[in-house]
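# Residue-level structural notes
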Number of protein chains: 2
Amino acid sequence: MKRTERVSIIVKILSDTPGKIYPLRYFCDLFDMAKSSVSEDIKIANSAMEKAGKGNIETISGARGGVRYIPSVDAKEISNFLEKFCQKLRDPDRILGGNFLYTSDLMFDMEAMNTLASYFAAKFKDAGANYIATVETKGIPLATMVAYQLHLPLIICRREAKVSEGSTLSINYFSGSYDRIQKMSLSKRAVTPNTKALIVDDFMRGGGSTKGISDILAEFNVDVCGTAVAIASALPEKKKISEFTSAVTLYDVDEENKIIKVEPNII
Amino acid sequence: MKRTERVSIIVKILSDTPGKIYPLRYFCDLFDMAKSSVSEDIKIANSAMEKAGKGNIETISGARGGVRYIPSVDAKEISNFLEKFCQKLRDPDRILGGNFLYTSDLMFDMEAMNTLASYFAAKFKDAGANYIATVETKGIPLATMVAYQLHLPLIICRREAKVSEGSTLSINYFSGSYDRIQKMSLSKRAVTPNTKALIVDDFMRGGGSTKGISDILAEFNVDVCGTAVAIASALPEKKKISEFTSAVTLYDVDEENKIIKVEPNII
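Given the structure is predicted, the values throughout are model-derived calculations rather than measurements.

Between its first and last C-alpha atoms helix α6 (residues 110-124) of chain A spans 20 Å; for 15 residues at 1.5 Å apiece the expected length is 21 Å, and the two agree. Listed as buried for α6 of chain A are M110, A112, M113, N114, T115, L116, A117, S118, Y119, F120, A121 and F124 of chain A.

Further remarks concern the relation of the copies chain A and chain B. Laying chain A over chain B is done by rotating through 180° and shifting 0.0 Å along the axis; what remains is an RMSD of 0.0 Å. Here the copies are linked by what is in effect a two-fold axis. A symmetric contact is evident, with 100% of the interface residues of chain A recurring at the interface of chain B.

Residue and element names in this part refer to chain B. Taken in spatial order, the six strands make up an open sheet running β6-β5-β9-β10-β11-β12, and their pairing is mixed. In this open sheet, the two edge strands, each paired with only one partner strand, are β6 (154-157) and β12 (259-264). Averaged over all adjacent pairs, the angle separating strand axes in this sheet is 25°, with direction ignored. Inspection of the sheet shows strand β10 (residues 222-233) paired to strand β11 (residues 245-254) by five bridges, in the parallel sense. Its bridge partner lying in β11, S233 is registered against L250. Packing of helix α7 (residues 140-150) onto the sheet brings it into contact with β5 (131-135), β6, β9 (195-204) and β10, and relative to β5 it is tilted by some 180°.

This part is about the packing of helix α2 (residues 24-31) of chain A against helix α3 (residues 35-51) of chain A. The description of two packed helices rests on the angle between their axes and on the distance between the axes. Residue and element names in this part refer to chain A. With their axes 9 Å apart at the nearest point, α2 and α3 run at an angle of 105° to one another. When the axes of α2 and α3 are compared, the pair comes out roughly perpendicular. Note on element contacts: α3 touches α2 through K35, V38 and S39, opposite L24, F27, C28 and F31. Residue composition of the contact of α2 with α3, by class: five nonpolar, one polar and one charged.

Cut-offs and rules
Residues numbered from 1 in each chain as written. Chains lettered and ligands numbered in written order. Predicted model: local features only at pLDDT ≥ 70, side-chain atom pairs only at ≥ 80, totals over all residues. Helix = DSSP H or I, 4+ residues; strand = E, 2+ residues; numbered from the N terminus. Expected span 1.5 Å × (residues − 1). Buried ≥ 20, exposed ≤ 12 C-beta atoms within 10 Å, placed from the backbone. Least-squares fit on C-alpha atoms with pLDDT ≥ 70 in both. Contact = placed C-beta atoms within 7 Å. Pairing = 2+ DSSP bridges. Axes fitted to C-alpha atoms, helices over the stretch in contact; angles between N-to-C directions. Parallel < 35°, antiparallel > 145°, perpendicular 65-115°, else oblique. Nonpolar A, V, L, I, M, F, W, Y, C, P; charged D, E, K, R; others polar.

Listed below in structure tokens is the structure:
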């Protein structure tokens, strides 16, 4: 096999399993090549990814070392994406009344969610998360893509305790969006204590459900090391959680004049 | 930029957006290269992917033509994967009683779901699906990965009609697993009539919820062009739907002797 083919295959394998560490030997065996050649292949693969603004291939030394792909999107690509995302969000047909917007088509568009996930993955890659946590339902595809890109298992909090979850722990929390007490449950088997989770969700208004996820994780001694949401509402200004990252901010839904004010955040 | 780098970047861009058609001009502009050089690059990229059993790059002629990446996994890789998947499923700690098994850790493992999705994507790539449809919750990560790989939008049927879904259509269906009537709803905005959907779910026993998805889609004149489930129970033999593809078959859960009989299907 020629170098061009080997480098392409290395890029394909590493970027298919972002964050996963492959010992150098894996590629030596795959191509039946010496370590020195494979190292050179990896150097070229890394340089290509960096030149294209597509993240990089990290070399980890030591006994458990190897190489892994760290995804990224360049600032210009994400800016263009978020501008288009906001343009779509400004469509007055999305207005549902009661300050709700229809966003499922965007949240279930995998190319969009993959781009957004690349941004969050790059931002939180060093946060030390052991899990990606979300609550059903609309944020699951985004959380899935972030989990995929960071090579981490997903935790999904359920609204109802299901028999297929085994023993569960449940909490009640106040949802400002729905103006009522809601329930959230998590399987006791879902997490290991003394770990960390990155919360990912599609939308945040007052931060009630994010706080709920954080509270239920705390019951299992799981710390929250970051919160990433696609869309955050500017109001209420005071959220139930202090720190979060949002891709775009929803400033206002003027139902009478059918104007949706939403802007990308500076990244 | 050298050919090796260009080919790697082509592989990265195409395989990041499986199924998406890029006009040749896109790469000519990106690299500032002539069409003939880019065509040669793509030929090499395709040959590398085929040699590695990682799918192929398809050239589509005509005014709307271009190139796109079609994912695949080789038979040996998927066989190995399914054998390991079954080994994990055979762990007696999964037994929850009432014939239920705990499987969330597997269904929320993105590397596993990505591999499984590659298999389903390759199998159903020519089925003519316009959507990937599922019902909340546990099958969503798998459905997300299949939607990502086939470059199709996702449809998620909800258990409850949510205000953020706008007008919804609801149906009742009988779930054999839960031995009761359940409800399923879908937003009227979620689909365009006279289209086709591929159903993806984590588990099938009698096929009740799959039939439910199919019934609700029928209300919108959306035909089902295939059904793919990770795990199908061997019993009941007579399912509510006639055709489906499952990756593994669950033959028996012997709670007394703590033996789970599950086998990969021949692919």
